[in-house]
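Here's the letter readout for the chains.
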Amino acid sequence: MLIQSRDSGFIHPDSSDITPRGVYEGRRDMLKWLATGVAGAAMASWASREALAQVVAPGKLPPLHGAKSAVPGAQTMEKLSDYKDATSYNNYYEFGTDKGDPVKNAGTLKTRPWTVEVEGLVNKPGKFGIEDLIKLSAQEERIYRLRCVEGWSMVIPWVGYSLAELIKRVEPQGSAKYVEFVTLADPKTMPYVGSRILDWPYTEGLRMDEAMHPLTLLTFGMYGEVLPNQNGAPVRIVVPWKYGFKSGKSIVKIRFVEKEPGTAWNKAAANEYGFYSNVNPNVDHPRWSQATERRIGDGAGLFAKRTKTLLFNGYEAQVGQLYAGMDLKKYY
Ligand SMILES: Nc1nc2c(c(=O)[nH]1)N[C@H]1C(S)=C(S)[C@@H](COP(=O)(O)O)O[C@H]1N2
Ligand SMILES: [Mo]
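By the naming in an unreviewed UniProt entry, the chain goes by Protein-methionine-sulfoxide reductase catalytic subunit MsrP and is assigned to Variovorax ureilyticus. Note on the chain: under the UniProt heading Sequence similarities (unreviewed entry), the record states "Belongs to the MsrP family."

## Some words on the UniProt feature "binding site: Mo-molybdopterin" (unreviewed entry) in the chain
Following the UniProt record, one finds the feature "binding site: Mo-molybdopterin" (unreviewed entry) at Asn90, Tyr93, Glu94, Cys148, Thr183, Asn231, Arg236, Ser247, Gly248 and Lys249. For the second largest pocket, the lining residues among the annotations just cited are Asn90, Tyr93, Glu94, Cys148, Thr183, Asn231, Arg236, Ser247, Gly248 and Lys249. Mapping Tyr93 onto the fold places it in the loop between helix H2 (83-88) and helix H3 (101-105). Within the secondary structure, Asn231 is located in the loop between strand S12 (225-226) and strand S13 (236-238). Taking relative accessible area as the criterion, Asn231 reaches 2% and is therefore assigned buried. Not counting the four nearest positions on each side in its chain, Asn231 is found in contact with Ala86, Thr87, Asn90, Met222, Arg236 and Lys249. Of note is the side chain of Asn231, whose polar atom sits 2.9 Å from the backbone oxygen of Ala86.

## Concerning the layout of surface pockets
Here the second largest pocket is characterised by a volume of approximately 460 Å³. Surrounding the second largest pocket, 27 residues form its lining, Asn91, Tyr92, Tyr202, Gly244 and Phe245 being those nearest its centre. Per-element tally for the lining of the second largest pocket: the top contributor is strand S8 (residues 152-162), with four residues. Considered class by class, the residues forming the lining of the second largest pocket number 16 nonpolar, seven polar and four charged.

## Describing the site of ligand 1
Lining the immediate environment of ligand 1, one finds 16 residues, of which Asn90, Tyr93, Arg236, Ser247 and Lys249 sit closest. Interatomic distance of 2.8 Å between a backbone N/O atom of Ser247 and a nitrogen atom of ligand 1. Here ligand 1 has 540 Å² of accessible area as a free molecule, and 98% of this is covered by the chains. Of the residues belonging to the shell around ligand 1, the class tally is six nonpolar, seven polar and three charged.

## Examining the sheet that holds strand S5 (residues 115-120)
The strand order across the open sheet formed by five strands is S6-S5-S14-S9-S10, and the pairing between neighbours is mixed. Two strands in the sheet have a free side with no partner beyond their single neighbour: strand S6 (126-129) and strand S10 (203-207). Between one strand and the next, the sheet's axes are offset by a mean angle of 20°, whatever the strand orientation. Judged from the four bridges that link them, S5 and strand S14 (residues 251-257) form a sheet pairing that is parallel.

## A closer look at the side chain of Asn280
Turning to its location among the elements, Asn280 is positioned in the loop between helix H7 (264-268) and strand S15 (292-295). When its relative accessible area of 6% is taken as the criterion, Asn280 is described as buried. A polar atom in the side chain of Asn280 sits 2.9 Å from the backbone nitrogen of Asn282. The contacts of Asn280, once residues within four sequence positions are left out, are Tyr243, Gln290, Leu311 and Leu328.

Calculation notes
Residues numbered from 1 in each chain as written. Chains lettered and ligands numbered in written order. Predicted model: local features only at pLDDT ≥ 70, side-chain atom pairs only at ≥ 80, totals over all residues. Heavy atoms only, no water. UniProt positions renumbered as here; feature names shortened; annotations may be inferred. 1 Å grid on protein atoms, 1.4 Å probe; cavity = no way out; pocket = protein on both sides within 12 Å on 5 of 7 lines; lining within 4 Å. Helix = DSSP H or I, 4+ residues; strand = E, 2+ residues; numbered from the N terminus. Buried < 20%, exposed > 50% of the residue type's maximum accessible area, 1.4 Å probe, protein only. Contact = heavy atoms within 4.5 Å. Polar contact = N/O pair within 3.5 Å; in protein donor to acceptor, adjacent residues only side chain to side chain. Points joined across faces, edges and corners; volume = space filled by probe spheres on them. Nonpolar A, V, L, I, M, F, W, Y, C, P; charged D, E, K, R; others polar. Near = heavy atom within 4 Å. Areas by Shrake-Rupley, 256 points an atom, 1.4 Å probe, with all protein chains shown as cover. Pairing = 2+ DSSP bridges. Axes fitted to C-alpha atoms, helices over the stretch in contact; angles between N-to-C directions.

Put into structure tokens, the structure is as follows:
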């Protein structure tokens, strides 16, 4: 893959340049970056996955499938965030409100057995065991930006498949206009679920066309490995053109509904967090600007350089049409 260096030349990274994580070390030959014909895009493909067992067990993902169904034009050329940053600087309020809390506290999360219940306005509702869900469609690695509403961002190689694959299987009815995601709220293993910070369980939602968009990822892993607990194991949503809080972690229920569902942060502060929450440098949070962002890992503290935030987090070409004619200041 070509990545843009700081002085704007294009370089071929080696594995240590991308991430210090052991899964990549000494396996450079496994990692094949295929430039695609799509302008400005590059897609990742795994040559082989000897590191991953064929069976699906905790700590294992099935072999990844490569560029086959990757979303054209969607992958970023930016340098990946370090695995360490991505797994130790988190938001997962069920485990604490500091960025360092989830990695310390999420060890108690029990990710097996795990079922995801699909219910509501669908012809084929049902319960999916996590192993079946993982194998429901071919896994891909997709490099997406994650932009938090607090002004920081990372670039992460997620592993999963388009949520649309699952949605098609359960056959939504015509009356299903929205999808609601309900995440785990277990007071026994999640210390902050008793607190009054949010209305638990943490729920999120998407309009049906957003949920069906191929960029919306049902995510089981990152950096070629299963999701660490603090990143939302065993299954989370990733919606790369929206602020991070739209990407619910540790999903237990997917519900198809007619009316726009309530969402955790909208319920907590409706004037600050809307339902849509598309990344938008032109629509400020009432208490701070959204025009720029700080890439985690790019220098420290106050002196870290900030970069301009892109409309729809840089995915305008792919998702702009979903919002044609909508006033994005009103539907923030
Ligand atoms: N269940 C749940 N999901 C959640 C959150 C949370 O507190 N609880 N935080 C959200 C926020 S604000 C962000 S920015 C992302 C952070 O994902 P990361 O920790 O993997 O970077 O998760 C989102 N998903
Ligand atoms: Mo966030």
